[in-house]
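# Structural description and commentary
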Amino acid sequence: MKEQFDFSVVDKILALHEKKQQAIIAILQEIQEEYHYLPREIFPYLAEELGMSEARIFSVATFYENFSLAPKGKYVIKICDGTACHVRKSVPILERLRQELGLSEEKKTTDDLMFTVETVSCLGACGLAPVLTVNDVVYSAMTPDKASELLKTLKEEIANA
Amino acid sequence: MTEKQYVTIDGIPVEINGEKNLLELINKTGVKMPTFCYHSELSVYGACRMCMVEDERGGLSAACSTPPRAGMKIQTNTERLRRYRKNILELLLANHCRDCTTCQNNTKCKLQDLAMRFNIEGVRFPNTAKSNAEEDSSSVCISRDAGKCILCGDCVRMCNEIQNVGAIDFAYRGSNMVISTAFGKPLAESPCVGCGQCVAVCPTGAIVVKNNISPVWKAISDPDVRTSVQIAPAVRVALGRELGVKDGEDVMGKIVAALHRMGFDEIYDTSLGADLTVLEESAEFMERLSSGENLPLITSCCPGWIQYCEKKHPELLPNISTCRSPMQMMASILKDQAKEKGEKTFHVAVMPCTAKKFEAARDEFKVDGAPNVDVVITTQELVTMIKEAGLMFDALEPEAVDMPFGTISGAGVIFGVTGGVTEAVLRHVIANKSRADIMMVANCGQRGDEGIKEFDITAGESKLRLVVVSGLSNAEKVLQRIKNGEKIDFVEVMACPGGCVNGGGQPFAVRQDKEERSKGLYKSDRLLSIRRAEQNPILKTLYDDIIRGREHELLHVHYGKHNQ
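These remarks concern the structure in this document. Note that the structure is a prediction, hence the values are computed from the model and not measured. (Residues numbered from 1 in each chain as written. Chains lettered and ligands numbered in written order. Predicted model: local features only at pLDDT ≥ 70, side-chain atom pairs only at ≥ 80, totals over all residues. Heavy atoms only, no water.)

What follows deals with the packing of aromatic side chains. Given two aromatic rings, one states the distance between the centres and the angle between the planes to describe the pair. A full pass over the atoms with the stated rule returns 14 aromatic pairs over all chains. Aromatic side chains Tyr75(A) and Phe115(A) sit 5.5 Å apart centroid to centroid with 25° between the ring planes, which places their arrangement in the stacked category. Of this pair, Tyr75(A) sits in strand β1 (residues 75-80) while Phe115(A) sits in strand β2 (residues 115-120), placing them 40 residues apart in sequence. Each member of the pair Tyr75(A) and Phe115(A) is classed as buried. Through pairs of rings, three or more aromatic residues link up here, namely Phe5(A), Phe7(A), Tyr35(A) and Tyr45(A). The side chain of Arg447(B) reaches across the aromatic face of Tyr522(B), ending 3.7 Å from its centre. (Phe/Tyr/Trp six-rings, centres within 6.5 Å; stacked < 30°, edge-to-face > 60°. Helix = DSSP H or I, 4+ residues; strand = E, 2+ residues; numbered from the N terminus. Buried < 20%, exposed > 50% of the residue type's maximum accessible area, 1.4 Å probe, protein only. Lys NZ or Arg CZ within 6 Å of the ring centre and 35° of its normal.)

One frequent convention defines the size of an interface as the accessible area lost when the parts assemble. Facing 16 residues of chain B, the contacting portion of chain A comprises 13 residues. Overall, the association of chain B and chain A removes approximately 1200 Å² of surface from exposure, summing both partners, and the carbon and sulfur fraction of that is 59%. The largest share of the area that chain B buries against chain A comes from Tyr172(B), Arg173(B) and Phe183(B), three residues that together contribute 51% of it. Where chain B meets chain A, there are 2 salt bridges. As a salt-bridge pair, Arg56(A) and Asp169(B) come within 2.6 Å of each other at their nearest N and O atoms. Of all the elements in the fold, those that place two or more residues in the side of chain B that touches chain A are α4 (154-162) and β7 (169-171) of chain B. Sorting elements by how many residues they give to the side of chain B that touches chain A places β7(B) first, with 3 residues. Residues that form the side of chain B that touches chain A fall into these classes: 8 nonpolar, 5 polar and 3 charged. (Contact = heavy atoms within 4.5 Å. Buried area = accessible area lost by both parts, 1.4 Å probe. Salt bridge = Lys/Arg side-chain N within 4 Å of Asp/Glu carboxyl O. Nonpolar A, V, L, I, M, F, W, Y, C, P; charged D, E, K, R; others polar.)

For helix α14 (residues 420-429) of chain B, a buried count of 9 out of 10 residues is recorded, marking the element as mostly surrounded by other parts of the structure. Taken together, the buried positions of α14(B) are occupied by Gly420(B), Val421(B), Thr422(B), Glu423(B), Ala424(B), Val425(B), Leu426(B), Arg427(B) and His428(B).

This next bit is on the sheet that holds strand β4 (residues 137-139) of chain A. All names here are of chain A. What the 4 strands build is an open sheet, ordered β2-β1-β3-β4; its pairing is mixed. Unpaired on one side and paired on the other, β2 and β4 mark the two borders of the sheet. The sheet shows a mean angle of 25° between the axes of neighbouring strands, direction not considered. Here strand β3 (residues 132-134) runs beside β4; their pairing, made up of 3 bridges, is antiparallel. Bridged to valine 134 within β4 is valine 137. Docked against the sheet, helix α6 (residues 91-101) engages β1, β2 and β3, running at close to 160° with respect to β2. (Pairing = 2+ DSSP bridges. Axes fitted to C-alpha atoms, helices over the stretch in contact; angles between N-to-C directions.)

To continue, consider the pairing of strand β10 (residues 226-231) of chain B. Along β10(B), 5 of the 6 residues are buried, which leaves the element largely enclosed by surrounding structure. Between the parallel pair β10(B) and strand β11 (residues 266-269) of chain B, the chain is carried across by helix α7 (residues 252-262) of chain B, and the sense of this crossover is right-handed. (Right-handed = clockwise from strand over helix to strand, strands pointing away.)

Here we come to the nonpolar core. Residues and elements named next belong to chain B. Ranked by size, the top nonpolar core spans 80 residues in total, and within it Leu276, Trp305, Phe405 and Leu542 carry the most contacts. Looking at which element gives the most residues to this core, the answer is helix α18 (residues 537-547), with 6 residues. Built from parts of two domains, this core gets at least three residues from each of domain 2 (95-209) and domain 3 (224-555). Discounting chain neighbours no more than four positions away, the residues touching phenylalanine 405 are Tyr268, Leu272, Met330, Ile333, Leu334, Gln337, Ile538, Leu542 and Ile546. By size, the runner-up hydrophobic cluster in this structure holds 44 residues, among which are Val216, Val229, Leu259 and Ile386. (Core = buried A, V, L, I, M, F, W, Y, C linked by side-chain atoms within 4.5 Å. Domains from an automatic or database assignment.)

Take the pattern of salt bridges next. Residue and element names in this part refer to chain B. On inspection of all chains with the given rule, the structure shows 43 salt bridges over all chains. Across the salt bridge formed by glutamate 343 and arginine 226, the nearest N and O atoms sit 3.9 Å from each other. Linking glutamate 343 in the loop between α10 (326-341) and β13 (345-351) with arginine 226 in strand β10, this pair joins segments that are 117 residues apart in sequence. What makes arginine 226 partly exposed here is its relative accessible area of 33%. Aspartate 525 serves as the salt-bridge partner of arginine 531, at 2.9 Å between the closest nitrogen and oxygen. Classification of arginine 531 by relative accessible area gives buried; the value is 18%. Residue aspartate 525 is classed as buried on the basis of its relative accessible area, which comes to 0%. Connected through shared salt-bridge partners, Glu423, Arg427, Arg447, Asp525 and Arg531 make up one network.

Now for the sheet that holds β10(B). Residue and element names in this part refer to chain B. Taken together, 4 strands build an open sheet; the order of strands is β11-β10-β13-β16 and the sheet is parallel. In the strand order of this sheet, the two ends are held by β11 and β16 (375-378), each with one partner. Pairwise comparison of adjacent strand axes, ignoring direction, gives a mean angle of 20° for this sheet.

Residues and elements named next belong to chain B. Among the structural elements, lysine 341 can be located in helix α10. The exposed category is assigned to lysine 341, whose relative accessible area is 57%. When the C-alpha atoms of lysine 341 and serine 214 are compared, they prove to be 27 Å apart, with 127 residues separating the residues in sequence.

Structure follows, in structure tokens:
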């Protein structure tokens, strides 16, 4: 696995930031944009290239909620649980999605790597509460039933793909 | 001339004299501030908030991270500060394993000490600590227990700033924060070199030295096993600290007496092994100088350094001296002798060092699968054994080590302090060996506790550049210079700042006391009638009767195969 990992993408990102240690957050963000998570292989590689310890990079990657060390699904569903969405009952929507996909707070991604369900603190669309996004497309004024409906459409999309 | 500037501390004006922070200034007034995360040699972190002081307007600031300014008026012990400190301690204790009686750091713990100092009589919050002493048993040198960690970050800064190893760091955040290797890998698979400096700064029992006492007792009690023990130079000036003797006082005689009383059959001084190292390493240095190959010669006594080189700079392994460490030279000779006699033996080494536990377990130092050194115990473990045996250390009458390997030289003794190996080699190789010349060697530039010391010596027509480093960050700087092509001929590296006297296995001490340890070794050296390794009469017997041309088999090693 390790031998097969293609570091050319990482190399490009590193070159863009002139291999500066201070740019570690930006570098990790751009790598995550590429792979949708931070593959484990990049850690020793970055440590070597940036001249900082792997433990320190791991420290940065685990400090920020935004970084993920686990692969994410094709569809990343983010349910807003900010104050406005929360009082307009976002939790039942979250529970419905988790139940239908067999996910939980610990298990965020389905085994077939199709769906990831996570919560976010505020999407800045409080007027449309409760809100969720699928791969950054916003769905407003959701209900548990509407969420089930949405899942059904997405699953059809997968089947037809 | 600038006017003198003062800070008023608890009503007393105190002159500012270049102190970096209020904490140092407060110390001058005879107040010992409570701290967890402050160590003068590390960067300021300001996490524990125990050293808060109050100004005249009721403002609070952490003394460790506040530079002194003229005209400041601060209080160090107000009702409010006492309340805050107690609260911090209670919160720390709420998330801390409180099985003090069975903790390896019992009575040596800063948290325990401060809880007593601040009279904490109970903790109002439920205990959420998850203690697990077996959390990571992968390393043969140290073990960790997150349930005892207070997240002061001392170990992280030591590992990164002073040692440049970077095996551990903070991971996750908030209440989930832990000290961790990358991906929580076992320590043995991390860049950890086993130097134990994290143990030396840990205020609690969250990182401790792996305890190997019980196999030692077992071997002593076995009537069929002949037990031998060697004691490293640095042990004699630090062990006394926990048994009522000042740092720096040489208690070798008492240590020997204690070991005899415990039941060891043969007791030797690792300084003899060091004398052998001097001869072998000097010969190697001369050889490399004449061939011009693999220069600079880099010393090989320090197992923390060897691991660092193997893990981070394998390309420099050919420069490392092929000499075994004094401990291993000593052990090879002893095991070889025992084999000849057909005895069943058990050899223990008392070391100031945690990384020696790893060295002893290396395949390179096994003969027919059995290690030459069966168990390494640290100075701290020996203290525990002395206490366990009930020996009254003050009352012990000093004794001498045993023959036939009982004579040592001062050159071997100073191996325990940074610059010692270099000085020992210089004493051996200088042309004139008068008393005055030996005294002159002391002034070449290898002594002192600076991290990097360098100087030139003239040998015949050529000028040689010698560099003495301690602390792995300092070593890294020198390695980079070597890689950049700078001409250096000899490098002595000790992983622990100041050398073995400040090893990870030594009793905890503040900087001033550590300096006393180095002075103590130089004093012991001066008191010996044999100052140069080659004058040690035992070496001739060793070469003629035991080694007999088997230098390579008994005294040398090639590192690096093992990790590749």
